[in-house]
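Summary of structural features
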Amino acid sequence: MTRDPPLGTARSEMLFAEAQRHLPGGVDSPVRAFKAVGGTPRFIARGHGACVWDVDDQRYIDYLASWGPLIAGHAHPGVVAAIQDATTRGTSYGAPTQAEVDLAVFIKQAFPTIDLLRFVNSGTEATMTALRLARAFTRRDLILKFDGGYHGHADGLLVQAGSGPLTLGQPDSPGVPSAAARETLSVPYNDVVAVRDALQAHPGQIAAVIVEPVAGNMGVVPPAPGFLEHLREMTREHGTLLIFDEVITGFRVAPGGAQQRFGIRPDLTCLGKIVGGGLPVGAYGGRAEIMQQVSPLGPVYQAGTLSGNPLAMAAGLATVRLLTEPGVYDHLERLAARLVDGLGEAARSAGVAYSSNRVGSMFTGFFTDQPVTDYASAKRADTRRYARFFHALLDRGVYLAPSQFEAGFVSLAHSEADVDATLNAASAAFAEVTLVGDEP
Ligand code: KE4
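None of these values were measured; they are calculated from a predicted model.

Our focus in this paragraph is the domain arrangement of the protein. Here the protein is partitioned into domain 1 (10-63 + 326-433) and domain 2 (77-322). On a C-alpha basis, the centres of domain 1 and domain 2 stand 25 Å from each other. Contacts between domain 1 and domain 2 engage 28 residues on the former and 29 residues on the latter. Between domain 1 and domain 2, a total of about 2,300 Å² is buried, with carbon and sulfur atoms accounting for 67% of that surface. Put simply, domain 1 and domain 2 have one salt bridge between them. Our count for the domain 1 to domain 2 interface comes out at nine residue pairs in polar contact (both at pLDDT 80 or more).

Have a look at this one:
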């Protein structure tokens, strides 16, 4: 059976009880509440490199990476120094700064499809605004997304959404006006025929297709060969904009994101997570003729008190600059492959039905013996068994995402020793999940 964590969870339990008196579910974002895996969410006291420590001083090798931003690991000295230095000059001005220009220049060099971009404070703001822009530019109202795709919590995007809504079984949220939901079409990921049929069924009406070029919010699901190319071709044919939501994949799967890795030129790109280095940043950008519609240049309004915040810009710039070191992506690829291949081997040795997907340093292991290629196949995974595996690893000092429908991440701070320790823990954890009848 699952071992009790050696240091217990008393302080996390106490804090969780207190937090639930003040915050809905005791958290500021639903997936953190461990609803999908049961048990007490660990309250984290500190992070350093590849590890975090909870308030009971239990150490974990961390593959959550704050849901993606921490590609350089926790409290990277260069990132901390950049934030500290910026802080000595103040925290926010509500006026333009050089840091925004510096980070914008860096992003444009990495993403040649971006002529102009705007910083915002979250991925949600980035995608929400990209859709508003696409509707204004095309003078059309409909949006096409993919089942299991998650693009943040803006009204029109909480339709068949992945990540938290999928984890909690609420892919369509109450409170979203039916008018907003009606403007959003959703079809299966990797289904080119369904996309073609939707475009043909609504000629001249679909403003944009928004896609995670590598899905991360139903668990990791790579684009099928040719899927992204067909999306590009069909959207161009129909005068529909192609929006790559690279909030996870930007700077993760390649220096220039999925669009570089797969050689596709989207019309608009949304970024987040890594570009903020752990501070709140989102960004949207793309072709000049589209971005020139954004206020104050054009009529499409979007604004934000803390957009381009100097501390967040400093953290983002310090992080993305680290990614220019030679061999960084080869290192991430090698380490992630060692981990994911080792997990597959450990599952096979334990006789556990397990199928993993990986693109670069983002990965998910699904408890199913079938390949996972879309939302429907992801949902066939055994989430109870995932929950047991999650806790069996957590109790052995390894922290995965507290949901089967999320991505795990390897960072520059992870070492081969961390991976080998993880694989040792996983062998014991897989053995545990094969026990019949043990409840999460
Ligand atoms: P934020 O608003 O959470 O910064 O970004 C929304 C978003 C947009 N696009 C993609 C592809 C995303 O993955 C996200 C947010 N990701 C989730 C986890 N998969 C954030 C974690 C959470 O909701 O707490």
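On to the packing of aromatic side chains. The relation between two aromatic rings is expressed through the spacing of the ring centres and the mutual angle of the planes. Counted according to the given criterion, the structure contains 17 aromatic pairs. Arranged with centres 5.3 Å apart and planes meeting at 70 degrees, the rings of Phe 111 and Phe 251 form a pair that is edge-to-face. Placement of the pair is Phe 111 in the loop between helix 3 (98-110) and strand 4 (116-120) and Phe 251 in the loop between strand 8 (241-245) and helix 9 (257-262), with a sequence separation of 140 residues. Judged on exposure class, the residue Phe 111 and its partner Phe 251 are both buried. Among the aromatic residues, those joined into a cluster by ring pairs are Tyr 354, Phe 367, Tyr 386, Phe 389 and Phe 430.

Here helix 12 (residues 328-350) contains 23 residues, and its C-alpha end-to-end distance of 33 Å stays within 8% of the 33 Å for a straight helix at 1.5 Å per residue. In the stretch just after helix 12, Gly 351 is the one whose phi turns positive, near 70 degrees.

Moving on, we get to the packing of helix 2 (residues 77-87) against helix 11 (residues 310-322). Interhelical geometry of helix 2 versus helix 11 gives an angle of 155 degrees and a closest axis separation of 8 Å. Of the possible angle classes, the one that applies to helix 2 and helix 11 is roughly antiparallel. Here helix 2 and helix 11 pass one another in a crossing that is right-handed. Where helix 2 abuts helix 11, its residues Gly 78, Val 79, Ala 82, Ile 83, Ala 86 and Thr 87 lie against Pro 310, Leu 311, Ala 314, Ala 315, Ala 318, Thr 319 and Leu 322. Across the contact of helix 2 with helix 11, the residue classes break down as 10 nonpolar, three polar and no charged.

Below, the discussion takes up the pattern of salt bridges. A pair can form between side chains of opposite charge whenever their charged atoms are brought close. Summed over all chains, the structure comprises 15 salt bridges. Between Asp 267 and Arg 232 there is a salt bridge whose closest N-O contact spans 2.9 Å. Taken as a pair, Asp 267 in the loop between helix 9 and strand 9 (268-271) and Arg 232 in helix 8 (residues 227-237) lie far apart in primary sequence, 35 residues in all. This pair shows no difference in class: Asp 267 is buried, exactly as Arg 232 is. Here Arg 358 makes a salt bridge to Glu 333, at a shortest N to O gap of 2.9 Å. A residue pair is termed long-range when its members are at least 10 positions apart, and Arg 358 in strand 11 (residues 355-359) and Glu 333 in helix 12 qualify at 25 residues. Looking at Arg 358, the relative accessible area reads 26%, which means it is partly exposed. Here the salt bridges do not stand alone but share partners, grouping Arg 232, Asp 267, Arg 287 and Glu 289 into one network.

Strands sit in the order 4-10-9-8-7-5-6 across an open sheet of seven strands; the sheet is mixed. Single-partner strands in this sheet number two, and they are strand 4 and strand 6 (184-187). Going from strand to strand, the sheet's axes swing by 20 degrees on average, the running direction of each strand aside. In terms of strand pairing, strand 5 (residues 142-146) meets strand 7 (residues 206-211) through three bridges, oriented parallel. Within the sheet, the bridge partner assigned to Leu 144 lies in strand 7 and is Val 209. Along the sheet, helix 8 contacts strand 5, strand 7 and strand 8; its crossing angle with strand 8, the most-contacted strand, is approximately 145 degrees.

With that settled, the discussion passes to the nonpolar core. Ranked by size, the top nonpolar core spans 65 residues in total, and within it Tyr 63, Ile 107, Phe 119, Phe 251, Phe 389 and Phe 430 carry the most contacts. Among the elements that make up this core, the one with the highest residue count is helix 12 (10 residues). Both domains that meet at this core, namely domain 1 (10-63 + 326-433) and domain 2 (77-322), each give it at least three residues. The residues touching Phe 251, leaving out its near neighbours within four places in the chain, are Ile 71, Phe 106, Ile 107, Ala 110, Phe 111, Gly 257, Ile 274, Val 275, Val 320, Leu 323 and Tyr 329.

Another point: unusual backbone geometry. The phi angle of most residues is negative, glycine excepted, and most peptide bonds adopt the trans form. The amide bond that connects Ser 295 to the next residue, Pro 296, takes the cis arrangement and shows omega of 5 degrees. Along the chain, Pro 296 turns up in the loop between helix 10 (288-291) and helix 11. Of note in this structure, Ser 66 is not a glycine but carries a positive phi near 55 degrees. Within the secondary structure, Ser 66 sits in the loop between strand 3 (59-62) and helix 2. A relative accessible area of 40% places Ser 66 in the partly exposed class. The phi angle at Phe 251 is positive, at roughly 65 degrees, despite the residue not being glycine.

Take the sheet that holds strand 1 (residues 44-48) next. In a beta sheet, neighbouring strands are held together by backbone hydrogen bonds and run either parallel or antiparallel to one another. Strand order in the open sheet formed by four strands is 1-2-3-13, and the pairing between neighbours is mixed. A strand with exactly one partner marks an edge of an open sheet, and here the two such strands are strand 1 and strand 13 (398-399). Summarising the sheet, strand 3 and strand 13 pair through two bridges and their orientation is parallel. Note on strand 13: the bridge partner recorded for Ile 61 is Val 398. Against the sheet, helix 15 (residues 416-433) makes contact with strand 3 and strand 13, and its axis sits at roughly 105 degrees relative to strand 3, the strand it touches most.

Taken together, 17 residues form the shell around the ligand, and within it Ser 29, Thr 124, Asn 217, Asp 245 and Glu 406 come nearest. Between the ligand and Gly 123 there is a distance of 2.9 Å, counted from an oxygen atom to a backbone nitrogen or oxygen. Looking at the shell around the ligand residue by residue, the classes come out as five nonpolar, eight polar and four charged. In this structure, the shell around the ligand is formed jointly by two domains, domain 1 (10-63 + 326-433) and domain 2 (77-322), each of which donates at least three residues.

Conventions adopted
- Residues numbered from 1 in each chain as written.
- Predicted model: local features only at pLDDT ≥ 70, side-chain atom pairs only at ≥ 80, totals over all residues.
- Heavy atoms only, no water.
- Domains from an automatic or database assignment.
- Contact = heavy atoms within 4.5 Å.
- Buried area = accessible area lost by both parts, 1.4 Å probe.
- Salt bridge = Lys/Arg side-chain N within 4 Å of Asp/Glu carboxyl O.
- Polar contact = N/O pair within 3.5 Å; in protein donor to acceptor, adjacent residues only side chain to side chain.
- Phe/Tyr/Trp six-rings, centres within 6.5 Å; stacked < 30°, edge-to-face > 60°.
- Helix = DSSP H or I, 4+ residues; strand = E, 2+ residues; numbered from the N terminus.
- Buried < 20%, exposed > 50% of the residue type's maximum accessible area, 1.4 Å probe, protein only.
- Expected span 1.5 Å × (residues − 1).
- Axes fitted to C-alpha atoms, helices over the stretch in contact; angles between N-to-C directions.
- Parallel < 35°, antiparallel > 145°, perpendicular 65-115°, else oblique.
- Left-handed = near helix turned anticlockwise from the far one by under 90°.
- Nonpolar A, V, L, I, M, F, W, Y, C, P; charged D, E, K, R; others polar.
- Pairing = 2+ DSSP bridges.
- Core = buried A, V, L, I, M, F, W, Y, C linked by side-chain atoms within 4.5 Å.
- Near = heavy atom within 4 Å.

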